[in-house]
Protein chains: 2
Amino acid sequence: MFQSYDSHSNPAQHVPRLAALRVELQARGLDGFLVPRADAHQSEYVADRDARLGWLTGFTGSAGFAIVTPDQAGVFIDGRYRVQVKSEIDLGHFTPVNWPETKAAVWLRKALPEGGRIGFDPWLHTRREIREIEAGLVGSEIALVAVETNPIDAIWKDQPEAPIGAVRLWPDALAGETAAEKRVRIGAKLRDGKANAAVLTLPDSISWLLNIRGADVPKNPVVLSFAIVEADGRVAVFADPRKFSSDIRVALGNEVTILPPEALTPALTNLTGPVVVDAGTAPEQVFRLIESMKTEIVESLDPVIMPKATKNAYEIAGMRSAHLRDGVAVTELLCWLDAQAPGIGEKPLTEIDICRKLEELRVAQGILDISFDTILGSGPHGAINHYHVSEDSNRRILPGEIVLVDSGGQYGDGTTDITRTLPMGDFDPSIRMPYTRVLQGMIAVSRAKFPRGVAGAHLDALARAPLWMEGMDYDHGTGHGVGAGLSVHEGPVRISRISDIPLQPGMILSNEPGYYREGEYGIRIENLIVVQKTDSVDGRDMLDFETLTIAPIDKRLIDPSLMSRAEIEWLDAYHAWVRTELDPLVADSTRGWLEAATSPLLG
Amino acid sequence: MFQSYDSHSNPAQHVPRLAALRVELQARGLDGFLVPRADAHQSEYVADRDARLGWLTGFTGSAGFAIVTPDQAGVFIDGRYRVQVKSEIDLGHFTPVNWPETKAAVWLRKALPEGGRIGFDPWLHTRREIREIEAGLVGSEIALVAVETNPIDAIWKDQPEAPIGAVRLWPDALAGETAAEKRVRIGAKLRDGKANAAVLTLPDSISWLLNIRGADVPKNPVVLSFAIVEADGRVAVFADPRKFSSDIRVALGNEVTILPPEALTPALTNLTGPVVVDAGTAPEQVFRLIESMKTEIVESLDPVIMPKATKNAYEIAGMRSAHLRDGVAVTELLCWLDAQAPGIGEKPLTEIDICRKLEELRVAQGILDISFDTILGSGPHGAINHYHVSEDSNRRILPGEIVLVDSGGQYGDGTTDITRTLPMGDFDPSIRMPYTRVLQGMIAVSRAKFPRGVAGAHLDALARAPLWMEGMDYDHGTGHGVGAGLSVHEGPVRISRISDIPLQPGMILSNEPGYYREGEYGIRIENLIVVQKTDSVDGRDMLDFETLTIAPIDKRLIDPSLMSRAEIEWLDAYHAWVRTELDPLVADSTRGWLEAATSPLLG
């Protein structure tokens, strides 16, 4: 079982931890301390050892931070977590702060006396974050002080050890490029930029570069590590050597050295510049160590990020293969759900029941892990954007409710992420308008053709226009980058109003418009798509998307009279393809359901 | 007659001017000099006195610059002017340089020896421009040297005097806010930003602020001037006092002082900081003068720009009124054109004939000036984006050709800008597809609804998507800001991939997608639109557009089978409104044509 449905911990246990931290801070002469959600790699999923924010405050969301002072403890959370945080923290001792509306520096200026000293762990914050806080403190007498050791680690008696998940190889046949070729390519890129080396701090960059995968954190099969790439293509990896079997070491070859984590600091101070470091992702401490030797730093994007984001034909083929098996699992779930729907099936059905069934169907298709915690939002839970069902929140699904299932798997050859929305039996037909508008937005992006140079910021409106025309919208991005056998949320490209990186062939993105009615239901329809070259007129370099996701889109919720003929044709063609692909693979008992679910809207 | 059709001057006359400039530069110890198209106000239309680039090189385009060295004279022009420049400059002495592909600094590093001194007039370049060139020269031994007096002015014996067009008042009833109220509002904004004053260098900012208009340059009714606004709302204007009659002085009141241009330098050196100056528009010299006294500068957007861009109800009412009369003129032109079309009319028709007829019809509606030179592109000329017909380029229109008419007027109450595309008699029906796609893009923007926060960068794709789907596109923005009785191209907001300023109620924009087939035809359809609040669901703050432009859109070029019902309904509703508005106002002979031209597509 991959997903955990544990209820939230007892808020009371966090009060003594907070008191202990304050004692520790006082002993160190600090007037406050920043407690980020992040680890040193800015990971979305952190190892238990790095779950300091949750340990201290009880808040379990995937983003946010706390600031603890002698008399206040602010927990900074964004719009997704404003409700959740209240059930997780002890409101008598911790105070939720709306972020990013209230910036850390603004809060600090009010909370701290003049001359106050606020500590932070320079391994857990990027240079960009520290710069922003420092800029916000200009003109105040508050000092931001880097600590040598983390005060939470000092008081956390039973803090778990760092994980030592075994490293496995990602086959060259799936990577389409050997690790040696990748190292030479990145090295050449450094030379072109007149740099001698680059410091990599993102585990997915290092895992991609060396064609390896790990088992350190759930959901993301990355190897927690740092690395230094030299312009000649040699790589030093800083990670617990116990993760690397001798077979893996042999496969990595002589030009890849495995060094223990404690070797990183001396390695950084011994670098010959110029050195590329990414201020948006690398820890402040990496900069400080290099700067301490007056070594020249070139601040630029991690050089692996763009090569990793633009998947080659082999990576895309692996993703297609993973999506075929994932489509079987999802289709079998949808068929099963129709049979189990309340008022139809024999037993009452809960959110956790559906999650477990889906996991079971994906295990049958060979997943190594789920790619994120399934968002199974029934009825009003569907309107909570990052709802995570627990034993506490779990609810029985009622007849006529709408169920949103957002889930994905990590397969041996790729990563999936799919959302479908469906009714449990007879439903209030008023949902058809918003559902159809969401579908039209999803289709508009799926069908889009655009010239090279266009970014996600420019396509975002295509997904929203059908909702906008009704005076409606959704408060999340339209799509995120997706890794190939890596993180399901992969930078840097997105379909969102603020993403100005031009789309390039091979980039894989989610396409997931939605609509949410608080207290009632959530709608989201999501496929993964990959950018590819397409035909043009006038010699223009035009791109479009190939769809990767293979599973029926619920037709019962559609109002076809709202759709254009071209939109209906797209949906019918999609469903014809889904049927052709899945028919040979689904269980016999699913085949009839699949045929009905994928029949054309246009008679 | 407002528009001039003069042919280009004789390229030969520029060679002795170039030689004279080189002698002058040598005498001053300079190895080169930058000759921008701009005046000290970065005006789109410059006074004759400031047309230094044209005087020196012969190039008459609206953007670009030259760099003259002892042995080279590069004329830097963007994509719009690559063809035109070759017919205007003497290619034996001047060399066209593709810009911005080749940056000034890169060219200079090749053209100048180490230790070279390149002069520039610090009144004619913004701080941002100079910074960019300096950044590009870092690491070279080339010095950028500000000259005290312009060397071209020194050799230009018959250089015209600066214009002294009479200043008139812009009525409070049209402005919707007295100049005194505006001054207080801008002053309060400065106080909010803890500034003591702002330097205004944009004539349209000053004209808007003081509710005045001028007659210094063609097409843009601005008063060429500088100004200093104090935080208490007092304003000093630096302009030739002869422009201001005693009535105007009385109307401006005691808190507005008119000072001669030469008073600006001492005023800048006497400022008490902090002073707001806009690095993107203010001359480098303004910064240098203030910095020479160590006065604190706050670099930020000219504080008048955003208030000016968001028109109030009175300004919008004036614009509506101007568009009504402009619609009469354009409609009468379209009716006349159908009667005169080659093969139909009695006399052969040329591009200049149409421009003159349109100007005559607009004069009858009371224009004070045209708002820009009419782009009258017949047949292949339609594909030249900024085509300006001259006696040399003028051509007879042939039966079946497509004519693109992009034009506008400056009225006493507002500014217009409209493009219509129409066939001259029977035409090749293959144009219907691109014409319909362009129209669909125009309609998509016209109908768009969107939440507050959305910028032009996000809406741009709506205008292009119908063309993109065919593998087609256009190489210009979708829309520009438009002033109310001011510049037809007004910053800062645009509908373009790079415009990230959120749209706000009252902003007036053009909406002008197009399609161009080189050597054959150009298509563009343009209306002006104004952002307004609209209905929302879920309490969202939604905006949409009101259309200002009132004139039939050619229906003969449409393929209705490509359009959705909603699109056709929009067009029919637009035409019904056009007919209702114009029917009482057009000539009797036009009424029948108007009725046919605005009849619904949907029977």
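Residues numbered from 1 in each chain as written. Chains lettered and ligands numbered in written order. Predicted model: local features only at pLDDT ≥ 70, side-chain atom pairs only at ≥ 80, totals over all residues. Heavy atoms only, no water.

Draft legend 1. Region of interest: the side chain of arginine 437 of chain B. All names here are of chain B. Take arginine 437: it is sitting in helix H16 (residues 432-447). Side-chain polar atoms of arginine 437 contact the side chain of glutamine 440, separated by 2.7 Å. Not counting residues up to four positions away in its chain, the partners in contact with arginine 437 are Pro466, Leu467, Glu470 and Leu562. (Helix = DSSP H or I, 4+ residues; strand = E, 2+ residues; numbered from the N terminus. Polar contact = N/O pair within 3.5 Å; in protein donor to acceptor, adjacent residues only side chain to side chain. Contact = heavy atoms within 4.5 Å.)

Draft legend 2. View of the domain arrangement of chain A. Residues and elements named next belong to chain A. Annotation of chain A at the domain level lists domain 1 (11-155), domain 2 (168-308) and domain 3 (310-592). The straight-line distance from the C-alpha centre of domain 1 to that of domain 3 is 35 Å. Listed per partner, the contact involves four residues of domain 1 and five residues of domain 3. In total, about 410 Å² of surface goes out of reach between domain 1 and domain 3, with carbon and sulfur atoms giving 46% of it. A per-residue breakdown of the area domain 1 buries against domain 3 is headed by Glu44, Tyr45 and Arg80, which together make up 84% of the total. For the pair domain 1 and domain 3, the interface holds zero salt bridges. Residues belonging to the side of domain 1 that touches domain 3 are distributed by class as follows: two nonpolar, no polar and two charged. (Domains from an automatic or database assignment. Buried area = accessible area lost by both parts, 1.4 Å probe. Salt bridge = Lys/Arg side-chain N within 4 Å of Asp/Glu carboxyl O. Nonpolar A, V, L, I, M, F, W, Y, C, P; charged D, E, K, R; others polar.)

Draft legend 3. How the structure looks around the interface of chain A and chain B. On the chain B side, the residues contacting the 31 residues of chain A number 31 residues. Together, the buried faces of chain A and chain B total about 2,500 Å²; carbon and sulfur atoms form 58% of this surface. Our count for the chain A to chain B interface comes out at two salt bridges. Of the charged contacts in the structure, one is a salt bridge between arginine 540 of chain B and aspartate 475 of chain A, with a shortest N-O distance of 3.1 Å. Taken together, chain A and chain B are joined by ten residue pairs in polar contact (both at pLDDT 80 or more). Contributing elements (two or more residues each) for the side of chain A that touches chain B: strand S20 (449-451), helix H17 (456-468) and strand S24 (514-517) of chain A. Here the side of chain A that touches chain B takes seven residues from H17 of chain A, the largest share from any one element. Residues that form the side of chain A that touches chain B fall into these classes: 16 nonpolar, four polar and eleven charged.

Draft legend 4. Fine view of the state of the cysteines. All names here are of chain A. Scanning all chains against the criterion turns up zero disulfides over all chains. Between cysteine 355, a cysteine without a disulfide, and cysteine 335, which holds the nearest cysteine sulfur, the sulfur-to-sulfur distance is 18 Å. When its relative accessible area of 2% is taken as the criterion, cysteine 355 is described as buried. (Disulfide = S-S within 2.5 Å. Buried < 20%, exposed > 50% of the residue type's maximum accessible area, 1.4 Å probe, protein only.)

Draft legend 5. Molecular detail of the relation of the copies chain A and chain B. Least-squares fitting of chain A to chain B yields an RMSD of 0.2 Å, with the transformation described by 0.3 Å of translation along the axis and a rotation of 180°. On this basis, the relationship between the two copies can be described by a two-fold rotation axis. When C-alpha positions in chain A are compared against the rotation axis, the closest is assigned to histidine 458 of chain A, at 2.5 Å. Most of the interface of chain A is mirrored in chain B, where 100% of its interface residues are also at the interface. (Least-squares fit on C-alpha atoms with pLDDT ≥ 70 in both.)

Draft legend 6. The arrangement of the packing of H16 of chain B against helix H18 (residues 565-582) of chain B in detail. Residue and element names in this part refer to chain B. Packing of H16 against H18 leaves a shortest axis separation of 10 Å and a crossing angle of 80°. Looking at the two axes, H16 sits roughly perpendicular to H18. Contact residues: H16 offers Leu439, Gln440, Met442, Ile443, Ser446 and Arg447, while H18 offers Ala566, Glu567, Trp570 and Leu571. Considering only residue class, the contact of H16 with H18 consists of six nonpolar, two polar and two charged. (Axes fitted to C-alpha atoms, helices over the stretch in contact; angles between N-to-C directions. Parallel < 35°, antiparallel > 145°, perpendicular 65-115°, else oblique.)

Draft legend 7. Main features of the pairing of strand S27 (residues 542-547) of chain A. All names here are of chain A. Burial analysis of S27 places six of its six residues in the buried class, the great majority of the element. Summarising the sheet, S20 and S27 pair through three bridges and their orientation is antiparallel. Bridge pairing in S27 places phenylalanine 450 opposite leucine 543. Strand direction decides the pairing type here: strand S26 (residues 527-534) and S27, joined by six bridges, are antiparallel. Paired with valine 531 across the two strands is phenylalanine 545, which belongs to S27. (Pairing = 2+ DSSP bridges.)

Draft legend 8. Representation of the sheet that holds strand S1 (residues 32-36) of chain B within the structure. Residue and element names in this part refer to chain B. Reading across the sheet, the six strands line up as S4-S3-S2-S1-S5-S6 and stay open at both edges, with mixed pairing between neighbours. Each edge of the open sheet carries a strand with a single partner, namely strand S4 (95-98) and strand S6 (143-146). Taken pair by pair, the neighbouring strands of this sheet meet at an average axis angle of 25°, ignoring direction. When strand S2 (residues 65-68) meets strand S3 (residues 73-77), the two strands line up antiparallel, connected through four bridges.

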